[in-house]
Amino acid sequence: MTGGVPVLVTGLPRSGTSWTGKMLAAGGGLVYVNEPLNPQHPPGRCPGVLNAHVTHRFQYICPDNEDLWLPAFTDTVALRYRFLAELRRNRSPYDLARMARYGTAFTLGRLTGRRALLDDPFALFSAGWFAERLGCQVVVLQRDAVPFVGSWQRLGWTVYFHELLEQPLLIRDHPHLEALRAFVGCQDRVAKAVALWRAARRVVTTLAAGHPGITLVRYEDLAAAPEEGFRALYGRLGLAWSARARERVLRACTAATGPAGGFVWHGLSRTAYRPMDSRLALAHAANRLNPEETRRVLELASGG
């Protein structure tokens, strides 16, 4: 028997989902599950965690295609780890170590009544399904356009819109995404990042308006006042804001990091989270684009 309502933390990549998920799990009431819908292995393509085949980034799930996804995610949020399915696909030393970690965490979490927490930016466009069909409490991280684009630029990331456009059900339910077709083959990474940011903002605003179980949170607000922000978020999710949770959050959000601190993978869960001074991180993020790039991002983000 699980401990109750699962939690999904989502938002575009580089919006703070890993950090937020780790802080929510710091109180001990949640079992952290990292990016089951990520099509890259690791962290995704692990059938022990999610026994379904992911075909696209931002895989869209809705009632019309849930036959595969509903049983798989029902197992995941119930913390039922599929050992045999995992062994059939992944048997490297790293995979076996990861299986031992997740298998143990799922089993102990289920036995002790803890809740599943899915940290998955690739679930963003399917957040309504997670709320409706799995009963998830959904937290959507939103980051301001300039630091979001600056982070993607610094990492050399780009978006391939065919991953969205090749999903007919997604375009049917969110027809404004069809406008992204104009960016297919475009080499302007700034324009593409802003287009993704705008498209996601519109989808999420629509979803939140129709689903009381979806909570929108600004990354900048959490980073500027982590104690107050996470205390409120704990309350919203029905988590105990204990002395242990407060101490762990404060320690993780005031850790010293230098201005050159970057995106790095950590541990067997393969998250980008690491302890940081969240207020200092805000200041660094604001300086990743030059004034001209900043002006352009703001113009594009506002529809100019």
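On a predicted model such as this, the values are computed, not experimentally measured, just so you know.

Draft legend 1. Focus on the overall build of the protein chain. Broken down by element type, the protein chain carries 14 helices and five strands. Taking all 304 residues of the protein chain together, 52% fall into the buried category. Residue pairs in contact within the protein chain that sit at least 24 positions apart in sequence constitute 75% of those at least 6 positions apart. Summed over its atoms, the accessible surface of the protein chain is roughly 13,100 Å², and 56% of this surface lies on carbon and sulfur atoms.

Draft legend 2. Representation of the packing of aromatic side chains in the model. Scanning the entire structure with this criterion turns up 14 aromatic pairs. Taking the centre distance of 5.4 Å and the plane angle of 80 degrees together, the rings of F58 and F125 count as edge-to-face. Separated by 67 residues along the polypeptide, F58 in the loop between β2 (30-34) and α2 (66-77) and F125 in the loop between β3 (115-119) and α5 (127-133) bring together distant segments of the chain. Exposure remark for F58: the relative accessible area of 6% places this residue in the buried category. Overall, the relative accessible area of 1% leaves F125 in the buried class. Chaining the aromatic ring pairs together yields one cluster made of Y81, F83, Y102 and F106. One residue, K22, lies across the ring of Y32, its end atom 4.2 Å from the ring centre.

Draft legend 3. Representation of the environment of L289. Looking at the secondary structure, you find L289 in the loop between α13 (278-285) and α14 (291-301). Beyond its immediate sequence surroundings of up to four residues, L289 is in contact with V146, V149, G150, Q153, T294 and V297.

Draft legend 4. A nonpolar patch on the surface, seen in detail. Taken together, the side chains of L84, L87 and L96 define a hydrophobic patch exposed on the protein surface, amounting to about 250 Å² of accessible area. Judged by relative accessible area, L96 falls into the partly exposed class, the value being 36%.

Draft legend 5. Inspection of unusual backbone geometry at higher detail. Going from H41 to P42, the amide bond is cis rather than trans, its omega being -15 degrees. Looking at the element boundaries, P42 is found in the loop between β2 and α2. Of note, the amide linkage connecting P42 to P43 takes the cis form, showing an omega dihedral of 10 degrees. With respect to the helices, strands and loops of the structure, P43 is situated in the loop between β2 and α2. The backbone of E35 shows a phi angle near 45 degrees, a positive value even though the residue is not glycine. Along the polypeptide, E35 turns up in the loop between β2 and α2. We classify E35 as buried; its relative accessible area is 8%.

What counts and what doesn't
- Residues numbered from 1 in each chain as written.
- Predicted model: local features only at pLDDT ≥ 70, side-chain atom pairs only at ≥ 80, totals over all residues.
- Heavy atoms only, no water.
- Helix = DSSP H or I, 4+ residues; strand = E, 2+ residues; numbered from the N terminus.
- Buried < 20%, exposed > 50% of the residue type's maximum accessible area, 1.4 Å probe, protein only.
- Contact = heavy atoms within 4.5 Å.
- Areas by Shrake-Rupley, 256 points an atom, 1.4 Å probe, with all protein chains shown as cover.
- Phe/Tyr/Trp six-rings, centres within 6.5 Å; stacked < 30°, edge-to-face > 60°.
- Lys NZ or Arg CZ within 6 Å of the ring centre and 35° of its normal.
- Patch = residues over 30% accessible without salt bridge, like charges linked within 9 Å, V, L, I, M, F, W, Y side chains within 5 Å.
- Salt bridge = Lys/Arg side-chain N within 4 Å of Asp/Glu carboxyl O.

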